[in-house]
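Residue-level structural notes
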Amino acid sequence: MYPFSNLLLLTDSYKVSHYKQYPPKTETVYSYFESRGGEFAETVFFGLQYLLVEYLEGCVVTQEKIDEAQRILGDHFSESSFFNRTGWEYIANQCSGRLPIRIKAVPEGTVLPTSNVLMTIENTDPTCYWLTNYLETLLVQTWYPCTVATQSRSMKQSIAHYLTKTGGEENLRFKLHDFGFRGVSSVETAAIGGASHLVNFNGTDNLAGIVLAQRYYGAQMPGFSIPAAEHSTLTSWGREHELDAYRNMLEQFPSGLVAVVSDSYDLMHACRALWGRELKSMILDRKGTLVVRPDSGDPPTILCEVLAILGDAFGVSVNSQGYKVLDPHIRIIQGDGIDRAMLNKILEAITVAGWSADNLAFGSGGGLLQKLHRDTSKYAFKCSSARVNGSERDVFKQPVTDQGKKSKAGRLRLVKRDGQYLTLRESDASQETDYLEEVFRNGEVIRRQSWNDICERSKLSSERYTSQ
Ligand code: AOY
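Just so it is clear, the structure is predicted and the values come from calculations on it, not from any experiment.

The next subject is the domain arrangement of the protein chain. Domain parsing of the protein chain yields domain 1 (3-146 + 376-467) and domain 2 (148-369). Measuring from the centre of the C-alpha atoms in domain 1 to the corresponding centre in domain 2 gives 39 Å. Residue-level contacts link 30 residues of domain 1 with 31 residues of domain 2. Between domain 1 and domain 2, roughly 2500 Å² of surface is buried when both sides are summed, and carbon and sulfur atoms account for 58% of that area. For the interface between domain 1 and domain 2, the tally reads four salt bridges. Taking the shortest distance from any N to any O, the salt bridge between Arg153 and Glu42 comes out at 3.4 Å. Summed over the shared surface of domain 1 and domain 2, the number is 24 residue pairs in polar contact (both at pLDDT 80 or more).

As structure tokens, this is what we get:
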């Protein structure tokens, strides 16, 4: 039984007592979510719809939930009166349990510069001024899918750059495969992170990501995989039967793509003697491609060496850009040690050695889904406006101890001027189209994005004008 379906408890303890802390006669609290900068110049906005459907729409406030929260928070704090029982009973009884909240957001999949507003949230019932920021904790978790999608897209840009220079972009969407299910902290993280990667790519072994993309975004089949070995299926044959284990792979999967991790004992020997001599004719007679997977050592060094050995064994052609390409029956996938920095290092090293990026695909696990945090893109949620006793006022912080933490003021609009996204105060942009769309109002998700539209928005410009 999933224990986190009581929205009242999906927050930080200190927020429970904040209803007592706003100025008297506060009627509206208006807050916004942004990336304040960090390692990427742009943000892919993704993942809000999952949170809205699963946690905000799916969690109607009932007396039972209020009683549970009262029980837990009563014991958690020194005084049971710190919990806003009256406020929550107002929502249960006067709002049919549905949250009196409006959320506006940029359409998912949109790529926009950091420091722009991504979403705004405000209460729609003046009694519930305290609810807006009670939801911060949950809503800010959008940082994770946004950061995974943003980093995955940045890795796609690197791969696309090298493919264009040294080969072709046809297989771009299969060049970075999600190996990350085991490397993340929970099944839910795997699902959210996996779906975020699938906004940019179609290669994945993370089935949880597919399930989330289908259930919450209406995706058809957003990710694909191929038969592939792990060490156990090969090493259980015994060291002296490594060749039999490899031959069995070619016999079991006589056509199409098949991947075989080849470093169980001696990667270079496996490439030179086993794949390159004993099994060479079987590979060349296959209607398909054997994908050799190194899985240890310094990746740029290992890959240059493996490319040289397989090139000697199977032959190479030189493409129109002057880069070497292996015989089409054989390719390589590197899935060990891949993060953004290592990806770039490898692509540069093989390019310098004269090899096309067409020869390689990559797998990434922890580097794709777990080696990032909220400050990778400095995500923040801040109140920028409030109505108190009938008058709207600017709300902001501006700490002398860190100018980067300055927050925006006023009610905000996301506009485009000369094709560039820009965040302005509503009062300075009253004539301009607001790219923020209302997605949630009074307990209901009122606008959903389709999976295809999301993927379309986040495409690279180079992907837009080609066949795929
Ligand atoms: N998968 C491409 C298909 C997947 C994998 C998954 C951890 C694959 C390996 C491969 O070729 O080698 C999780 C490690 C590897």
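Throughout the structure, instances matching the rule amount to 16 aromatic pairs. Aromatic pair Tyr246 and Trp275: ring centres 4.3 Å apart, planes at 10°, arrangement stacked. One end of the pair, Tyr246, is in helix H11 (residues 242-252); the other, Trp275, is in helix H12 (residues 267-278), and 29 residues separate them in sequence. Centre to centre, the rings of Tyr421 and Tyr435 are 5.5 Å apart; their planes meet at 85°, and the pair counts as edge-to-face.

Among the surface-exposed residues, Phe174, Met221 and Phe224 lie close enough to one another that they form a single nonpolar patch of about 290 Å² accessible area. Secondary-structure assignment places Phe224 in the loop between helix H9 (207-217) and helix H10 (231-235). Note on Phe224: relative accessible area 41%, which makes it partly exposed.

One can find Ser35 in strand E1 (residues 26-35). On the basis of relative accessibility, which here comes to 1%, the residue Ser35 falls in the buried class. If we ignore the near neighbours within four places in the chain, the residues touching Ser35 are Thr43, Thr114, Ser115, Asn116, Leu118, Ser377, Lys378 and Tyr379.

Most of strand E12 (residues 360-364) sits inside the fold, with five of its five residues counted as buried. Here E12 shows a buried face lined by Leu360, Phe362 and Ser364 and a second buried face lined by Ala361 and Gly363. Inspection of the sheet shows strand E11 (residues 330-334) paired to E12 by three bridges, in the parallel sense. Note on E12: the bridge partner recorded for Ile333 is Ala361. For the segment spanning E11, helix H15 (residues 340-352) and E12, crossover handedness is right-handed.

Where strand E15 (residues 412-417) lies against strand E16 (residues 420-425), six bridges are found, and the strand directions are antiparallel. Residue pairing in the sheet places Leu412 in a bridge with Arg425 of E16. Linking E15 back to E16 in an antiparallel pair, the connection comprises two residues, with Asp418 at a positive phi of about 55°.

Moving on, we come to unusual backbone geometry. Non-glycine residue Asn389 carries a positive phi angle of around 50°. Secondary-structure assignment places Asn389 in the loop between strand E13 (379-388) and strand E14 (391-394). Here the phi dihedral of Asn442 falls at roughly 50°; this positive angle occurs in a residue that is not glycine. Position of Asn442 among the secondary structure elements: in the loop between strand E17 (437-441) and strand E18 (444-445). For Asn442, a relative accessible area of 34% translates into the label partly exposed.

A word on the sheet that holds E11. Here five strands make up an open sheet; going across it, the order is E6-E12-E11-E8-E7 and the pairing parallel. Only two strands of the sheet have a single partner each, and these edge strands are strand E6 (176-178) and strand E7 (255-261). When the angles between neighbouring strand axes are averaged without regard to direction, this sheet yields 25°. Judged from the seven bridges that link them, E7 and strand E8 (residues 287-293) form a sheet pairing that is parallel. Residue Ser255 lies in a different strand from E8, and its bridge partner there is Lys287. Across the sheet, H11 touches E7 and E8, and the angle it forms with E7 is around 155°.

To find leftover empty space, one rolls a probe the size of a water molecule over the atoms. Volume-wise, the largest pocket comes out at about 1300 Å³. Taken together, 42 residues line the largest pocket, and the ones lying closest to its centre are Phe174, His177, Ile226, Ile333 and Ala361. Among the elements of the structure, E6, E7, E8, E11, E12 and helix H18 (461-464) are those that each provide at least two residues to the lining of the largest pocket. For the lining of the largest pocket, a count of residues per class yields 15 nonpolar, 13 polar and 14 charged. For the lining of the largest pocket, the domains that each give at least three residues are domain 1 (3-146 + 376-467) and domain 2 (148-369). Space inside the second largest pocket adds up to approximately 300 Å³. For the second largest pocket, the lining is made up of 16 residues, of which Gln141, Trp143, Tyr144, Thr189 and Ile192 are closest to its centre. Only helix H2 (48-57), helix H7 (143-166) and helix H8 (187-198) provide two or more residues apiece to the lining of the second largest pocket. There are two domains that each give the lining of the second largest pocket at least three residues, and those are domain 1 (3-146 + 376-467) and domain 2 (148-369).

Definitions and cut-offs
- Residues numbered from 1 in each chain as written.
- Predicted model: local features only at pLDDT ≥ 70, side-chain atom pairs only at ≥ 80, totals over all residues.
- Heavy atoms only, no water.
- Domains from an automatic or database assignment.
- Contact = heavy atoms within 4.5 Å.
- Buried area = accessible area lost by both parts, 1.4 Å probe.
- Salt bridge = Lys/Arg side-chain N within 4 Å of Asp/Glu carboxyl O.
- Polar contact = N/O pair within 3.5 Å; in protein donor to acceptor, adjacent residues only side chain to side chain.
- Phe/Tyr/Trp six-rings, centres within 6.5 Å; stacked < 30°, edge-to-face > 60°.
- Helix = DSSP H or I, 4+ residues; strand = E, 2+ residues; numbered from the N terminus.
- Patch = residues over 30% accessible without salt bridge, like charges linked within 9 Å, V, L, I, M, F, W, Y side chains within 5 Å.
- Areas by Shrake-Rupley, 256 points an atom, 1.4 Å probe, with all protein chains shown as cover.
- Buried < 20%, exposed > 50% of the residue type's maximum accessible area, 1.4 Å probe, protein only.
- Pairing = 2+ DSSP bridges.
- Right-handed = clockwise from strand over helix to strand, strands pointing away.
- Axes fitted to C-alpha atoms, helices over the stretch in contact; angles between N-to-C directions.
- 1 Å grid on protein atoms, 1.4 Å probe; cavity = no way out; pocket = protein on both sides within 12 Å on 5 of 7 lines; lining within 4 Å.
- Points joined across faces, edges and corners; volume = space filled by probe spheres on them.
- Nonpolar A, V, L, I, M, F, W, Y, C, P; charged D, E, K, R; others polar.

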